[in-house]
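Here's the letter readout for the chains.
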Amino acid sequence: MRIVCLSPVVPYDGIPHAGGQYLLRHLRTLRELGHRVTVVSFDDRDNRAAADHLVDAVDVVLVPAPRPRRAFARRLVGGIERQEQRLFPVRPVARRRRALRRSRAARAVLAAADVIEYQWTESGWFGVRRRPTGAPRHIVIAHDVLLQSYERFLAAAPGPPWHPRMLLARWRRWSVRRDERRVYRRADVVLTFSAKDAALVRRAAGAPVRAVVVRPPLADGVEPCVRAGDPVPTVLFVGAFDRSVNSDAAVWTMTDIAPWVLEVNPSVRFVFAGARPTDEMRRIAAMRPGAFVVTGRLESLDGAYAEADVVLVPLRAGAGVKFKTVEAMLRGIPVVSTGVGIEGIVGDGIRAYAVADDARGLAAAIVRALADPVGARRDAARSRDAVADEFSGAAFRRALTDVYGGPTP
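In short, a report on the structure. The structure displayed is predicted, hence computed values, not measured ones. (Residues numbered from 1 in each chain as written. Predicted model: local features only at pLDDT ≥ 70, side-chain atom pairs only at ≥ 80, totals over all residues. Heavy atoms only, no water.)

Take the pairing of strand E1 (residues 2–6) next. Where burial is concerned, most of E1 is hidden: 4 out of the 5 residues are buried. Here E1 runs beside strand E2 (residues 36–42); their pairing, made up of 5 bridges, is parallel. Note on E2: the bridge partner recorded for Leu6 is Val40. Of the crossover connections in this fold, the one passing from E1 over helix H1 (residues 18–32) to the parallel E2 is right-handed. Taken together, the 4 bridges between E1 and strand E4 (residues 115–119) define a ladder with parallel strand orientation. When the sheet's bridge partners are listed, Leu6 is paired in E4 with Tyr118. (Buried < 20%, exposed > 50% of the residue type's maximum accessible area, 1.4 Å probe, protein only. Helix = DSSP H or I, 4+ residues; strand = E, 2+ residues; numbered from the N terminus. Pairing = 2+ DSSP bridges. Right-handed = clockwise from strand over helix to strand, strands pointing away.)

What follows is the structure, given as structure tokens:
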């Protein structure tokens, strides 16, 4: 079967965000099932470099979507596109939509496809036009359901209803609801990472849609880790900090959660491991160099996990399954999380060490886990096998086979 994957990024080994890591495994599994796969993305420096390293017989078509050469024009276009994204978060910017329509190479592979899949809901906007009979199947991979994020943002936004910030938030929620509905209704199948997200897709669509749960293959090759490194009690938070949900959670940890913990145990170290930490994170960390460590991007997180006594997932916004939560559980490390951090994961034998949505509750759970590290590890181990089964490569392969078909002769 000829599958064309429309994606904003071309994945590669070591890509520093969970969605890209999922996409790489997804493409490789489709190839293992015997499908011919072509990735269509946009021509930029990162995607060109990634295309040179993407192996496993996956073809790549990069669509040029150039910006103006003059600096003034580039700034003008950049400003316009930022406003496009603010007002219509689901839709790719007009420059990319035009580029895809005009690309002969992209049109050729799309015309020959048996299946067109759209990685991330935003890519699904490319498929909302009415399709003729006999057109290829359209499959949307909803890494998260955007409407949930915007509903949460609006609920948490401060200010009177008539404040411009609140008016913009309500517009964005309405825009996302309308456009996400169109994306899901036009899809033949929507893949989600949890039953919770499948239910959200059906609600967002406002009509019967086929929403299929495909658990990400996170368990293969991940074994329980033994605490290593120096004996300093260590709390680990993993994230790509160019995402505001992660950087905001990191700052909240430093300013509101950590002080409660450090008051009880001044020797505790909080490690923030991940790419692109913000200036604010570095500034706050510099004020308490022994308590806060901001690593920047790491080639591997194995060392950070090995030194962690607790993994903290203090997210207050966002949507979708948090891969960092699953990965910590697979390593047998106690997880202290907000409700947002564990949604779509717990249940059927899977539980976090502790869940709280306020700073003091999270701090108290961290203190409790650090006071009895052996007991906390024993508690975490009870869920590990259930997590490994739920997020295994074998289960992932079976799920994709059900949707795309099995190995070809």
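After that view of the structure, there is still more to cover.
One side chain can pair with another of opposite charge once the charged atoms of both are near each other. Per the stated rule, a full pass over the model turns up 22 salt bridges. A salt bridge links Arg96 to Asp44, with the nearest nitrogen and oxygen atoms 4.0 Å apart. One end of the pair, Arg96, is in helix H4 (residues 94–102); the other, Asp44, is in the loop between E2 and helix H2 (45–53), with 52 residues separating them in the sequence. For Arg96, a relative accessible area of 22% puts it in the partly exposed group. Asp179 is the partner of Arg91 in a salt bridge, and the nearest nitrogen-oxygen pair spans 2.8 Å. (Salt bridge = Lys/Arg side-chain N within 4 Å of Asp/Glu carboxyl O.)

Core analysis: the biggest nonpolar cluster contains 93 residues, and Leu191, Phe270, Phe272, Ile366 and Tyr404 have the highest contact counts within it. Residues within four places of Leu191 in sequence aside, it is in contact with Ile139, Val140, Ile141, Ala142, Val212, Val214, Leu400, Val403 and Tyr404. Judged by nonpolar contacts, the second largest core, of 35 residues, contains Ala99, Val145, Val176 and Val209. (Core = buried A, V, L, I, M, F, W, Y, C linked by side-chain atoms within 4.5 Å. Contact = heavy atoms within 4.5 Å.)

Turning to the sheet that holds strand E6 (residues 189–192), a few remarks are in order. Judged by pairing direction, the sheet is parallel, and its 7 strands sit side by side in the order E3-E2-E1-E4-E5-E6-E7 without closing on themselves. Here the strands that pair on one side only, and so sit at the sheet edges, are strand E3 (59–63) and strand E7 (211–213). Strand after strand, the sheet turns through a mean of 25° between neighbouring axes, direction not considered. Along the sheet face, helix H8 (residues 195–205) touches E6 and E7 and points at about 170° away from the line of E7. (Axes fitted to C-alpha atoms, helices over the stretch in contact; angles between N-to-C directions.)

Looking now at the environment of Thr295. The residue Thr295 is located in strand E10 (residues 292–296) in this model. For Thr295, a relative accessible area of 30% puts it in the partly exposed group. Residues within four places of Thr295 in sequence aside, it is in contact with Val271, Phe272, Ala273 and Gly274.

This part covers helix H12 (residues 323–330). Of all 8 residues making up H12, 8 are buried, and the element is well covered by its neighbours. Gly332 sits one or two positions beyond H12 and adopts a positive phi of about 75°.

Next up on the list: the sheet that holds strand E12 (residues 335–337). As summarised here, the arrangement of the 6 strands in space is E10-E9-E8-E11-E12-E13, forming an open sheet in which the pairing is parallel. Across the chains shown, the open sheet's two edge strands, defined by having one partner strand only, are E10 and strand E13 (354–355). As defined by bridge partners, strand E8 (residues 234–238) adjoins strand E11 (residues 310–313) across 2 bridges and the pair is classed as parallel. If you follow Val235 over to E11, its bridge partner there is Val310.

Okay, the environment of Glu84 next. Looking at the element boundaries, Glu84 is found in helix H3 (residues 71–87). Look at Glu84 and you get partly exposed, because its relative accessible area is 21%. Each C-alpha atom, one on Glu84 and one on Val326, is 34 Å from the other, the two residues being 242 residues apart in sequence. Not counting chain neighbours up to four residues away, the residues in contact with Glu84 comprise Val93, Ala94 and Arg97. Of note is the side chain of Glu84, whose polar atom sits 3.0 Å from the backbone nitrogen of Ala94. (Polar contact = N/O pair within 3.5 Å; in protein donor to acceptor, adjacent residues only side chain to side chain.)

Before going further, it helps to examine the packing of aromatic side chains. The full count for this structure, using the stated rule, is 10 aromatic pairs. Here the aromatic rings of Trp171 and Trp174 are separated by 5.1 Å at their centres, their planes lie at 40°, and the arrangement is tilted. Placement of both Trp171 and Trp174 in helix H7 (residues 164–186) is noted, with a separation of 3 residues, approximately one turn of the helix. The partly exposed category is assigned to Trp171, whose relative accessible area is 32%. Accessibility expressed as a relative area gives 39% for Trp174, which makes it partly exposed. Pairing Phe193 with Phe323 gives two aromatic rings, centres 5.7 Å apart and planes at 50°, and the pair type is tilted. Note that Phe193 is positioned in the loop between E6 and H8 and Phe323 in helix H12, a separation of 130 residues in sequence. Residue class for Phe193 comes out buried when judged on its relative accessible area of 1%. One aromatic cluster in this structure is built from Phe237, Phe241, Phe270, Phe272 and Phe292. The residue whose ring lies beneath Arg316 is Trp252, and the NZ or CZ to ring-centre distance is 4.1 Å. (Phe/Tyr/Trp six-rings, centres within 6.5 Å; stacked < 30°, edge-to-face > 60°. Lys NZ or Arg CZ within 6 Å of the ring centre and 35° of its normal.)

Counting through the fold element by element, Pro68 comes out in the loop between E3 and H3. For Pro68, a relative accessible area of 28% translates into the label partly exposed. Discounting residues that sit within four places of it in the chain, Pro68 has contacts with Ala73, Arg74 and Val77.

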